[in-house]
Amino acid sequence: MSSNELMPREKLLQFGAQSLSDEELLAIFLRTGIKNCPVMQLAQNVLLEFGNFRQLMQADQKTFCKVKGLGITQFVQLQAITEMTKRYLAQELSVQQGFTDVQQVRLFLQAELEHYEREVFLVLFLDNQHRLLKKEAMFLGTINSASVYPREIIKTALYCNAAALILAHNHPSGESKPSRADRQITQEIQQAAQLMNMRVLDHFVIGKGNYFSFAEHDWL
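Our subject in this report is the structure included herewith. (Residues numbered from 1 in each chain as written. Predicted model: local features only at pLDDT ≥ 70, side-chain atom pairs only at ≥ 80, totals over all residues. Heavy atoms only, no water.)

1. Focus on the overall build of the protein
Across its full length, the protein holds nine helices and five strands. Dimensions of the protein along its principal axes, counting C-alpha atoms only, are 65 × 35 × 30 Å. Buried residues in the protein amount to 43% of all 220 residues. Surface accessibility of the protein: about 12,800 Å² in total, with carbon and sulfur atoms responsible for 49%. Separation of charge centres in the protein, based on 22 positive and 23 negative side chains, amounts to 5 Å. (Helix = DSSP H or I, 4+ residues; strand = E, 2+ residues; numbered from the N terminus. Buried < 20%, exposed > 50% of the residue type's maximum accessible area, 1.4 Å probe, protein only. Areas by Shrake-Rupley, 256 points an atom, 1.4 Å probe, with all protein chains shown as cover. Lys, Arg positive; Asp, Glu negative; His and termini not counted. Charge placed at Lys NZ, Arg CZ, Asp CG, Glu CD.)

Right, dumping it as structure tokens:
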């Protein structure tokens, strides 16, 4: 039997999850359809409604549950899966290789920050092997800006005995291009960290489906 003739669950078991289409993956999550709408059709309808997995997983409860075939049970399950994914990424980076791979760190930070409608300034505090000691959203702003205080970052870094920092914040507008203020605050934090023999490894600006890495552009 070819992969196209198998139901999603059997296809996954035989060929692996990577062989499934978006609709098939969602059908496994949904498990059953609704009256006059088989599960594969329901999965197609849901993806058509939201456009993609990113929009589906970032939908709030009201938006999610107003779609026919979706309810509070599915919403709770999806939120749990999303949080499990975030924790897996953090643990994988911390245990296996440290926070050194730009693409892995980017995926982790996008999962953390993309869904916020206000600006959030997040700091990852790392040890000498760049393993995660502490993750903290230190400053919350309006839709346009956040007031960032380097001394508070350094204070927390000293408390957890961090040797390195990764900075990150989101742009709710969706555009990841850093502003002049972003560059200035990065320099101020970097200078404060150097006085305490700490390194700022990177500063990520997270947009909607895009990002900017200061380290990749040699801005540090």
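On we go.
2. As for the packing of helix H2 (residues 22-30) against helix H3 (residues 39-50)
Interhelical geometry of H2 versus H3 gives an angle of 115 degrees and a closest axis separation of 8 Å. Put simply, H2 runs roughly perpendicular to H3. In this structure, H2 crosses over H3, and the sense of that crossing is right-handed. The residues of H3 that touch H2, namely those facing Asp22, Glu23, Glu24, Leu26, Ala27 and Leu30, are Val39, Met40, Leu42, Ala43, Gln44, Val46 and Leu47. Grouping the amino acids of the contact of H2 with H3 by side-chain chemistry returns nine nonpolar, one polar and three charged. (Axes fitted to C-alpha atoms, helices over the stretch in contact; angles between N-to-C directions. Parallel < 35°, antiparallel > 145°, perpendicular 65-115°, else oblique. Left-handed = near helix turned anticlockwise from the far one by under 90°. Contact = heavy atoms within 4.5 Å. Nonpolar A, V, L, I, M, F, W, Y, C, P; charged D, E, K, R; others polar.)

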